[in-house]
Amino acid sequence: MRVMNNTKLLFYEEYEQFYKMTEKSKTFESFCRDAFGQDFSQDGFSDINQINRILRHIPSGKDIHILDIGCGNGKMLGYLQNKTNAYIHGFDYSENAIDTAKRLFQTKADFKQGYIGEIDYPAEQFDLVVSMDTMYFAPDMEKLVQQIIKWLKKDGVLFVGYQEGDVMPKTDNEKTTILAKVFDKSRIQYEVENITQETYELLKKKREAALLHQRDFEKEGNTDWFDMLMLQTDCVTDPYDVFAQRMARYIYIARKEIN
Ligand SMILES: C[S@@+](CC[C@H](N)C(=O)[O-])C[C@H]1O[C@@H](n2cnc3c(N)ncnc32)[C@H](O)[C@@H]1O
């Protein structure tokens, strides 16, 4: 994997290529449906059970606004809008992803190409900020959390699907992740759910679904993406694999409380 000095560009090209592929590949769509229960062009682990947990945190009303940090091509936000009729806002550094999001979702929708740490929104704009498998890209986690708190309305909720590192977490303790430490330092109350086992099962499902579609990936000329899925899920074939033993993933839920 390529790591560049400029954190803006960490995996940038890889994500541009990824979202270009998802735009055209019918096989990837079918793979996502089989692996995650719904096609949101997932690169991470956002399966439908996790996304449905977000719905509990969306208030009812006419003027509800949701922001997704690392929204990809917006399909997950589109699903949430379909269920709640909320306004959807998202940003991602991938131009290909944002072009698709703008094409797919044009009503009560606002998608921007931008970088974590640079992009900004007005204060008290969102009822819910969600970020699935993206906050670990933040060059400065404290700054990002402070921004999110500013962007949230009073009683607004931050919902985060999180693991540390790109794939390899540095810890298996939900209280000692970088994000948890920032919450503590900033005196932000949060709840955390350990979804490590669920994520491990999901990796197995991802591998099965990829193998099911291997021929179709090959026919489409997307063998590289099939190989990537094999690499991503290789750990489930060996119970002694370091990643399988150390992986940890959490859902963090924090509320903006003003006394
Ligand atoms: C692991 S993917 C998760 C995508 C999606 N949220 C999901 O659950 O499938 C990480 C996403 O963050 C975006 N991303 C990575 N680094 C970023 C940065 N510095 N600023 C903005 N977006 C970034 C990528 O383009 C990608 O869409």
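The sections below set out a description of the structure shown in this document.

Here is what the cut-offs are and how they apply
Residues numbered from 1 in each chain as written. Predicted model: local features only at pLDDT ≥ 70, side-chain atom pairs only at ≥ 80, totals over all residues. Heavy atoms only, no water. Salt bridge = Lys/Arg side-chain N within 4 Å of Asp/Glu carboxyl O. Helix = DSSP H or I, 4+ residues; strand = E, 2+ residues; numbered from the N terminus. Buried < 20%, exposed > 50% of the residue type's maximum accessible area, 1.4 Å probe, protein only. Core = buried A, V, L, I, M, F, W, Y, C linked by side-chain atoms within 4.5 Å. Contact = heavy atoms within 4.5 Å. Arc of directions from axis to C-beta. Polar contact = N/O pair within 3.5 Å; in protein donor to acceptor, adjacent residues only side chain to side chain. Near = heavy atom within 4 Å. Areas by Shrake-Rupley, 256 points an atom, 1.4 Å probe, with all protein chains shown as cover. Nonpolar A, V, L, I, M, F, W, Y, C, P; charged D, E, K, R; others polar.

**As for the pattern of salt bridges**
Item 1. Overall, the coordinates contain 15 salt bridges when judged by the stated rule.
Item 2. Between glutamate 29 and arginine 33 there is a salt bridge; the shortest N-O distance is 3.8 Å. Note that glutamate 29 and arginine 33 are positioned in helix H2 (residues 26–36) at a spacing of four residues, about one turn of the helix.
Item 3. Glutamate 29 sits in the buried class, given a relative accessible area of 19%.
Item 4. A salt bridge links arginine 53 to glutamate 198, with the shortest nitrogen-to-oxygen separation between them at 2.8 Å. Highlighted residues: arginine 53 in helix H3 (residues 48–55) and glutamate 198 in helix H8 (residues 196–212), separated in sequence by 145 residues.
Item 5. With relative accessibility at 28%, the residue glutamate 198 sits in the partly exposed group.
Item 6. Salt bridges sharing partners connect three or more residues here, namely Lys26, Glu29 and Arg33.

**Structural notes on the nonpolar core**
Item 1. In terms of nonpolar packing, the biggest core is built from 60 residues, with Phe31, Ile69, Met135, Ile148, Leu179, Phe183 and Tyr252 touching the most fellow members.
Item 2. The contacts of tyrosine 252, once residues within four sequence positions are left out, are Leu158, Phe159, Val160, Tyr162, Glu174, Thr177, Leu179, Ala180, Phe183, Tyr190, Glu191 and Val192.
Item 3. Within the second largest apolar cluster, 26 residues are counted, among which are Ile58, Met76, Tyr79 and Ile195.

**Re helix H6 (residues 141–151)**
Item 1. Among all positions in H6, only Met141, Leu144, Val145, Gln147, Ile148 and Trp151 are buried. In a view along the axis of H6, the buried residues occupy a sector of 160 degrees, so they form one face of it.
Item 2. On its buried face, H6 sits against strand S1 (65–69), strand S4 (126–132), strand S5 (152–162) and helix H7 (178–185).
Item 3. Capping of H6 at its N-terminal end is provided by aspartate 140; its side-chain oxygen lies 3.2 Å from the backbone amide nitrogen of glutamate 142.

**Comments concerning the site of the ligand**
Item 1. The local shell around the ligand holds 18 residues, among which Tyr19, Ser46, Gly70, Asp92 and Met132 are the closest.
Item 2. Between tyrosine 93 and the ligand, the recorded distance is 3.2 Å, taken from a backbone N or O atom to a nitrogen atom.
Item 3. One of the backbone N or O atoms of isoleucine 116 is found 3.0 Å from a nitrogen atom in the ligand.
Item 4. When the free accessible area of the ligand is taken as 590 Å², the share hidden by the protein chains comes to 96%.
Item 5. The residue inventory of the shell around the ligand, partitioned by class, reads eight nonpolar, seven polar and three charged.

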